[in-house]
Amino acid sequence: MRFPGRFADVLLADQLDHVSLSFLVDDLQVRRGGVGGNISYAMGLLDQAPLLIGAVGADFADYRAWLESHGVDCSAVLVSESAHTARFVCTTDDDMAQIASFYPGAMVEARDISICELTETHPFDLVLIGANDPEAMLRHTAECRELGIPFAADPSQQLVRLDGDQCVQLIEGAAYLFTNKYEWALLLQKTGLSEEEIAQKVGVRVTTLGADGVQIVDADGTEVTVGVVPETQKVEPTGVGDAFRAGFLTGHTGGLSLTRSAQLGSLIAVLVLETTGTQEWTLNKEAALQRLTEAYGPEAAAEVKLLL
């Protein structure tokens, strides 16, 4: 929602102990989101048929139809009998200041989902364990290790809530570790581990650097840095990291090198950056390959084309 004014003008410092305010807003936009939904949507557009695992409310029906129409398998989604689907509600003023609330809702029931049980009906090549109910994240990580299923650790927003021991549990044995630059520093601080010690626990470390691209460190210590695809316009950064993960994992699990995978991830990321909403973009493969050519050269586009 958008408030056509300034929160600072109506928030009185000497009255905050009994504040009671209502803002008349000019605009309301309801958008689909969530890291699981965003990554699955992107992988669906990349023809990967991803399986979405998470807990939702009975209000998920329209969202389910949307995801399934874009190639996402929602058969493993748990529907709560008592809670609504998690949502983020935010009001922004003319100063771009925000007042927001996050309702976890059904998300806390994700801890009741068993990867072990799902393997009886679904094949797993790789499980990405992103920001979710912390107990669910720990359970699913442990199950992947127990079953020998490769997994990607992507704790992102939940790093703030997790303690050092929990962080170590989430990354131990991960085939991929995803963070942004700030989260990487926070992970080092919380665990008390050095870069070398974390490298011994994970396979490929992927650290996104915003406008500076992405840094990738392989298990053997080889380091690769890939720049971004130049944007035509900056519209909305929300979901850009999710899009990168979808493109990168699609590329690397499909046989592309780390460099080419990062280039594909950067392409998908810029498509989200140029769009309002995390799932309002579309993929024109011919135009995508042209942008890869312009950003990274014809060889990059030729190799990615074999996958797309």
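Please refer to the structure higher up on the page.
Before going into details, it helps to say that this report is about the structure given with it. (Residues numbered from 1 in each chain as written. Predicted model: local features only at pLDDT ≥ 70, side-chain atom pairs only at ≥ 80, totals over all residues. Heavy atoms only, no water.)

## Some thoughts on the packing of aromatic side chains
Here's step 1: Considering all chains together, one arrives at ten aromatic pairs under this definition.
Here's step 2: Each ring, one from F178 and one from F248, has its centre 5.9 Å from the other, and the planes form 85°; the classification is edge-to-face. Of the two residues, F178 is situated in strand 7 (residues 176-180) and F248 in helix 9 (residues 240-253); the sequence distance between them amounts to 70 residues.
Here's step 3: What makes F248 buried here is its relative accessible area of 0%.
Here's step 4: Cation over ring: R205 sits above W184, and NZ or CZ is 4.0 Å from the ring centre. (Phe/Tyr/Trp six-rings, centres within 6.5 Å; stacked < 30°, edge-to-face > 60°. Helix = DSSP H or I, 4+ residues; strand = E, 2+ residues; numbered from the N terminus. Buried < 20%, exposed > 50% of the residue type's maximum accessible area, 1.4 Å probe, protein only. Lys NZ or Arg CZ within 6 Å of the ring centre and 35° of its normal.)

## Details of the pattern of salt bridges
Two side chains carrying opposite charge are able to pair once their charged atoms lie near each other.
Here's step 1: Considering all chains together, one arrives at 16 salt bridges under this definition.
Here's step 2: In this structure, R6 engages D9 in a salt bridge whose closest nitrogen and oxygen atoms are separated by 2.5 Å.
Here's step 3: A relative accessible area of 35% places R6 in the partly exposed class.
Here's step 4: As a salt-bridge pair, R111 and E135 come within 3.2 Å of each other at their nearest N and O atoms. Here R111 is found in the loop between strand 4 (98-103) and helix 4 (115-118), whereas its partner E135 is found in helix 5 (residues 134-147), with 24 residues between them in sequence.
Here's step 5: According to the relative accessible area criterion, R111 is partly exposed, its value standing at 29%.
Here's step 6: Note on E135: relative accessible area 48%, which makes it partly exposed. (Salt bridge = Lys/Arg side-chain N within 4 Å of Asp/Glu carboxyl O.)

## Brief notes about the pairing of strand 9 (residues 214-217)
Here's step 1: Where strand 8 (residues 204-208) meets strand 9, four bridges bridge the pair, whose relative direction is antiparallel. Across the sheet, T207 pairs through a bridge with Q215, a residue of strand 9.
Here's step 2: In this sheet, strand 10 (residues 223-226) lies alongside strand 9 in antiparallel orientation, the contact comprising four bridges. Counterpart to V214 in the pairing with strand 10 is V226.
Here's step 3: The hairpin turn running from strand 9 into strand 10, its antiparallel successor, is five residues long, and G221 in that turn takes a positive phi close to 95°. (Pairing = 2+ DSSP bridges.)

## A word on the sheet that holds strand 8
Strand pairing in a sheet takes place through backbone hydrogen bonds and is either antiparallel or parallel in direction.
Here's step 1: In space, the six strands of this open sheet follow the order 5-6-7-8-9-10, with mixed pairing throughout. Whereas interior strands pair on both sides, the edge strands pair on one side only; in this sheet they are strand 5 (127-129) and strand 10. Averaged over all pairs of adjacent strands, the angle between strand axes in this sheet comes to 15°, irrespective of strand direction.
Here's step 2: Taken together, the two bridges between strand 6 (residues 151-153) and strand 7 define a ladder with parallel strand orientation. Paired with A153 across the strands is L177, a residue of strand 7.
Here's step 3: Lying over the sheet, helix 5 contacts strand 5 and strand 6, oriented at roughly 150° with respect to strand 5.
Here's step 4: Contacts between helix 9 and the sheet are confined to strand 5, strand 7, strand 8 and strand 9, with strand 7 contributing the most and set at about 155° to the helix. (Axes fitted to C-alpha atoms, helices over the stretch in contact; angles between N-to-C directions. Contact = heavy atoms within 4.5 Å.)

## Focus on the side chain of H140
Here's step 1: With respect to the element layout, H140 can be found in helix 5.
Here's step 2: In this structure H140 comes out as buried when scored by relative accessible area, which is 7%.

## Structural notes on the layout of surface pockets
Here's step 1: In this structure, the second largest pocket spans a volume of roughly 170 Å³.
Here's step 2: Around the second largest pocket sit E195, E196, A199, V202, G203, R205, V217, D218, A219, D220, G221 and E223, which together line it.
Here's step 3: The greatest single-element share of the lining of the second largest pocket, amounting to three residues, is contributed by helix 8 (residues 195-199).
Here's step 4: Residues of the lining of the second largest pocket, tallied by class, amount to four nonpolar, two polar and six charged. (1 Å grid on protein atoms, 1.4 Å probe; cavity = no way out; pocket = protein on both sides within 12 Å on 5 of 7 lines; lining within 4 Å. Points joined across faces, edges and corners; volume = space filled by probe spheres on them. Nonpolar A, V, L, I, M, F, W, Y, C, P; charged D, E, K, R; others polar.)

## Here's the deal with the packing of helix 9 against helix 10 (residues 258-273)
Here's step 1: Viewed as axis vectors pointing N to C, helix 9 and helix 10 meet at an angle of 145°, and their least axial separation amounts to 7 Å. Considering only the axes of helix 9 and helix 10, their crossing is right-handed. Contact residues: V240, A243, F244, G247, F248, G251 and H252 in helix 9; L258, S261, A262, L264, G265, S266, I268, A269, V272 and L273 in helix 10.
Here's step 2: Here the residues of the contact of helix 9 with helix 10 sort into eleven nonpolar, six polar and no charged. (Left-handed = near helix turned anticlockwise from the far one by under 90°.)

## Overview of the nonpolar core
Here's step 1: Judged by nonpolar contacts, the single largest core of 50 residues is most densely connected at L67, I216, F248, I268 and W281.
Here's step 2: In terms of residues, this core owes the most to one element, helix 10, which gives ten residues.
Here's step 3: Filtering out sequence-adjacent residues up to four positions away, I216 remains in contact with V204, R205, V206, T222, E223, V224, F248, L258 and A262.
Here's step 4: A76, V127, I149 and I198 belong to the second largest nonpolar core, which has 30 residues in total. (Core = buried A, V, L, I, M, F, W, Y, C linked by side-chain atoms within 4.5 Å.)

## Focus: the packing of helix 10 against helix 11 (residues 285-296)
Helix-helix packing: each pair is described by the crossing angle between the helix axes and the interaxial distance.
Here's step 1: Close contact between helix 10 and helix 11 brings their axes to 11 Å; oriented N to C, the two are set at 115°. For the pair helix 10 and helix 11, the sense of crossing is right-handed. On helix 11, the residues that touch Q263, S266, L267, V270 and L271 of helix 10 are A288, R291, L292 and Y296.
Here's step 2: Residue composition of the contact of helix 10 with helix 11, by class: six nonpolar, two polar and one charged.

Limitation: the analysis is restricted to geometry and does not speak to function.
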